[in-house]
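Take a look at the letters that make up each chain.
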Amino acid sequence: MHGVKRIRYTKEALEAKRQKDRTKLAEYLALTDEVLTKKKHADWSKAAFDLTTRLLQVNPEFYTVWNYRRDILLNGIFPKTTPVEINDILATDLSFTTAALKLHPKVYWIWNHRRWCLEQVPDGPTEEDPNGWKQAYWNKELFVVEKMLDVDARNFHAWNYRRVVLGSMPVKRPLRAELDYTTRKIEANFSNFSAWHQRSKVLATLWEKGELDQVKSKEDEYELVKNAMYTDPNDQSVWIYHRWLVGTGEDYDILIREIGAIQDLLDIQPDSKWCLESLVFYKRALLQYHSARMSAAEQHNLIDQCLEMLETLRTVDPYRRQRYADMRKEVLGARNAIA
Amino acid sequence: MDVDAAVFGTGLSESVAAAALSKAGFSVVHIDANAYYGGNDASLTFDELIQWAHERTTPSEDKEPTYISVQKQRYTSISRSSETLPQSRQYSFSLSPTVIPSLGPLIDSLVTSGVSRYGGFKLLERLGMFDRPGVVRSVPSSKEDVFKSRELSLVDKRRLMRFLVFAAGQFEGTMELTGRENTPFFGFLRDIFSLDERTASSVAFGLALCVSVQDPTLPALQRLRRYSKSVGRYGPSAFLVGHYGGVGEVAQGFCRTSAVSGGTYILGRRLLSITQLPSQGRTEKFKEVGRKYAIELEEFPERLTCDMIISSPDYIPSELSSHASAVPPPLSSTSGTPTDMYPVARCIAVIDSPIRFLATGPSPETRTSGDTSSDEQAPQEKGATGEVDTAMLIFAPSSVSGGSTTSAAHMLVTGEGSMSAPSGRWIVYLSRHLLHEDEKTSSAEELLKPYLNATMSLIAPSISEEGSALPIQPIFTLFFIQNPLSAPPASDAASTILVPPPVTSLVSELADAATENAEQVFWKAAQTITSARAERKPQGGEGKGETPKDIEVDSFWPPLDVIDDEPTLEEW
């Protein structure tokens, strides 16, 4: 971490560590040998199972041994046990993977094993409630994925897994709860494409189902996004979400209002690339969809504003100056289309 | 006993220096007049605290030891309530309440020296500003805070963010700062960043921990940057509070490491005399090979001899003060806080109900953020009640009626979570710098009463039988004024009596400043001792006794002896 000094150790201390490591290595190699031999002989016993536990504790990245462990469960242990016992074994394995993930949060094989355990959960606990166990596990899973997102809210694998979990639950969670979750994540740090993306999906569904009044809800969203814009005009995810809200720009009043709000921000932050770029985009939308409301003079005015902003953009965002030059050509083309 | 250095006082600076010297291979004897470690930074049990106050309020006697008479100059206007608290040993009262920044010299030294293994720390839970009785407002310090704030207008949010980004980066030499480094920080925020008064107050007093509107800009910006970089290292707060009373325990940890490396510790002995030994022809009588000083302690049979003395002014007898020199303070960002030369009014109080940091008046409503079905996933926060165990509260100037209109005051509360109080009890520390002459005639109690009352207003009142609200009172209070002592002149010349420079009493800077001073003392002492040793090396090759081994010192702390094991799954 920045500013943190490295700790220095004496030669003796380093040598002592090397010795300890040498012993550990010898033990590890012996254990690996034992486990792989058993695997070769298709040993599905409990003793073999326990050996895989020991080995995976030391090295959870050893995917061959995870495979072997699953084979033991499927061939050796599950056929001899009741659903209740299977459930218990899976619970133990899941908590094993949780502990492993705390130390190794990015190892695919641990995640795989987790998912496999969840897929193996038998119907139960009773005939009347066949989904009880599954629901409990998926609830727990949601809790785990939330812990992951607490640690790194921008981990798109975790967001993806979250959608898998929400989709796999026998009894689905209310959409409103998911909306609140995205609110929390956005409030914590709105520089988060995944959170805004999830939010847009949830809102779209809520609007479609009529559970939320689209007009009022959109107003709240504009307010939220405006706060984010003013807090950090450089954050791209905010502008992309805004673009989604505005849509094609068919609502004239909203378009005018938003252009005004962005212009106000540009006034106090004149070098903001995103303000300029968005203004150009929205003003062009005005020209495209609402020219009927404007006189020719007004339209020419808009075009001049766009051209001026594009010119500023070439200085403020020089990496994309060719793009702005292309846009300039398009805008000039629009000039000819004015009646 | 014959040593290279004698260190007097086991305060934080002296303890860090002693530990570094011992680890480097020098022989050290470390002496404290008290029966406990920590000196002026000590952590005391309740009974020890009462005794401490008593010793400094009894009328002076004729043959009073230097230590006690200097202590009586240091600590004045002492008054306390008459209660006695049970469970005395479960309290750790700090004479120097501090919060330690997560990135800084003390943390570095704790880790590099291995002393961090000896102690525990608690992350500060909250830092707020007193708004009005019963109400504490948050200090917006991050993008998240600014975004979520409902108080700031959109334009204010933009301005504050612009400032925070500026303050987190390389502001030295920027156009905004050049020429304004010594102008008041509060004015700088208003004029250059157009922050409104309330936001400027939050930034200056809540983030940069200024004590007055006159505090200069550059040191304030440097503090602010250091604190904002400290956020996230161990958690959402920039600051740690040491277990068992903070820096007293830390100082003790350094003493322990010093002892492990060969340092000798002598506590609870009065210093009788320090004698300079004649420089030519050291006599056979004392059997040392030319040491410079002899020290006599009460009820200690051996005479101690050493080449140099490191001491706070509390121990140096007047005859020797002209020979002492202060180590020049380090040219770092912790210097320049103008607080080191001002008296501080302090209060230590004990309460038996928790303090609450609430943003709106104390109402039992909790915020609902949407559907109630989302509550199952919303974290069950203790924060909903606002109760804090270990937190800091800042009183900006003019925020408390009857308080100062020009300087800020600080409140630190520590409870069971920081291992400094029994369950159901909290220690409240108040401090207020006395920057003006007219304040010096008031008693500590008068100066701090308004702040104590303001703090009490944050505790839920109890309801009497008739149903009226009774404000809570502390179950114990102690007030005093801590005065700066005049230090001997700083000089670069080699001196065999070294005094660490005075340390700022600013709650968030004290620990790091003491550590930096310790490092300065260490280098100076190492140099002085090495030349003293060289002097005593017999010329011409033959000599009586052993020639002392040459000690190479190339860093403040030597490499660690043991590598700690990393966490494994084997415990699962």
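This one's a predicted model, so the numbers in the text were calculated from it and none came from an experiment.

Asker: I'd like a rundown of the side chain of Thr390(B), residues and numbers included.
Answerer: Mapping Thr390(B) onto the fold places it in the loop between strand E18 (387-388) and strand E19 (391-395). In contact with Thr390(B), not counting residues within four places along its chain, are Lys122(B), Leu124(B), Glu125(B), Arg126(B), Val241(B), Val413(B), Thr414(B), Gly415(B) and Ser418(B).

Asker: For unusual backbone geometry, give the residues involved together with the corresponding values.
Answerer: Following Gly124(A), the chain continues to Pro125(A) via a peptide bond in cis, the omega torsion being 10°. As for its placement among the helices and strands, Pro125(A) is situated in the loop between helix H5 (108-120) and helix H6 (132-151). For Ser194(B), which is not glycine, the phi torsion reads 50° and is therefore positive. Its identity is not glycine, yet Tyr244(B) carries a phi of approximately 55°, on the positive side. Here Tyr244(B) lies in the loop between strand E10 (239-242) and helix H10 (247-260). The exposure class assigned to Tyr244(B) is partly exposed, which follows from its relative accessible area of 40%.

Asker: An account of the pattern of salt bridges is needed here, citing residue identities and associated values.
Answerer: Scanning the entire structure with this criterion turns up 46 salt bridges over all chains. Arg22(A) is the partner of Glu15(A) in a salt bridge, and the nearest nitrogen-oxygen pair spans 3.7 Å. Residue class for Glu15(A) comes out partly exposed when judged on its relative accessible area of 33%. A salt bridge links Lys143(B) to Asp235(A), with the nearest nitrogen and oxygen atoms 3.9 Å apart. Of the two residues, Lys143(B) sits in helix H5 (residues 143-148) while Asp235(A) sits in the loop between helix H10 (214-231) and helix H11 (236-246), which places them in two different chains. Residue classification places Lys143(B) among the partly exposed positions, given a relative accessible area of 24%. Its relative accessible area of 7% is what places Asp235(A) among the buried residues. Ionic contacts of the salt-bridge type, sharing partners, join the residues Asp2(B), Asp4(B), Arg291(B), Asp307(B) and Arg533(B) into one network.

Asker: Any details on helix H7 (residues 185-193) of chain B? Residues and values, ideally.
Answerer: All names here are of chain B. Every buried residue of H7 is accounted for by Phe 185, Phe 186, Phe 188, Leu 189 and Phe 193. An end-on view of H7 places all buried positions within 165° of arc, on one side of the element. The secondary structure elements touched by the buried residues of H7 are helix H6 (154-168), helix H8 (197-207) and helix H9 (217-230). Two residues or fewer past H7, Ser 194 is found with a positive phi of approximately 50°.

Asker: Can you explain the confidence of the model for chain B? Please cite residues and give values.
Answerer: Residue and element names in this part refer to chain B. When the pLDDT values of chain B are averaged, the result is 86; 88% of them are 70 or greater. Note on residues 363-383: pLDDT is under 50 here. Beyond four places in sequence and across chains, it has 20 contacts. Counting contacts from residues 540-546, a segment whose pLDDT is below 50, to residues more than four positions away or on other chains yields 2 contacts.

Asker: Hey, could you go over the sheet that holds strand E6 (residues 100-101) of chain B for me, with residue numbers and the actual values?
Answerer: Residues and elements named next belong to chain B. Spatially, E6-E10-E7 is the arrangement adopted by the 3 strands of the open sheet, whose pairing is antiparallel. Edge positions in the sheet fall to E6 and strand E7 (121-123), since each has one partner strand and no second. Two elements, E7 and E10, share 3 bridges in a ladder whose sense is antiparallel. Each bridged residue has a counterpart across the sheet, and for Leu 123 the counterpart in E10 is Leu 240.

Asker: Which residues make up the nonpolar core, and what values go with them?
Answerer: Membership of the largest hydrophobic core comes to 94 residues, with the highest contact counts inside it found for Leu90(A), Trp196(A) and Met229(A). The leading source of residues in this core is helix H13 (residues 273-290) of chain A, at 9 residues. Trp196(A) has contacts with Ile186(A), Phe190(A), Leu224(A), Val225(A), Ser237(A), Val238(A) and Tyr241(A), leaving out every residue within four places of it along the chain. Within the second largest apolar cluster, 66 residues are counted, among which are Val146(B), Leu160(B), Ala220(B) and Phe476(B).

Asker: Describe the environment of Trp109(A), naming the residues involved and giving the relevant values.
Answerer: All names here are of chain A. As for its position among the elements, Trp 109 is in helix H5. The exposure class assigned to Trp 109 is partly exposed, which follows from its relative accessible area of 32%. Between the C-alpha atoms of Trp 109 and Gly 76, which are 33 residues apart in sequence, the distance is 21 Å. Sequence-distant contacts of Trp 109, that is, excluding residues within four places in its chain, are made with Pro 60, Glu 61, Tyr 63 and Trp 66.

Cut-off values and rules
Residues numbered from 1 in each chain as written. Chains lettered and ligands numbered in written order. Predicted model: local features only at pLDDT ≥ 70, side-chain atom pairs only at ≥ 80, totals over all residues. Heavy atoms only, no water. Helix = DSSP H or I, 4+ residues; strand = E, 2+ residues; numbered from the N terminus. Contact = heavy atoms within 4.5 Å. Buried < 20%, exposed > 50% of the residue type's maximum accessible area, 1.4 Å probe, protein only. Salt bridge = Lys/Arg side-chain N within 4 Å of Asp/Glu carboxyl O. Arc of directions from axis to C-beta. pLDDT = per-residue confidence, 0-100. Pairing = 2+ DSSP bridges. Core = buried A, V, L, I, M, F, W, Y, C linked by side-chain atoms within 4.5 Å.

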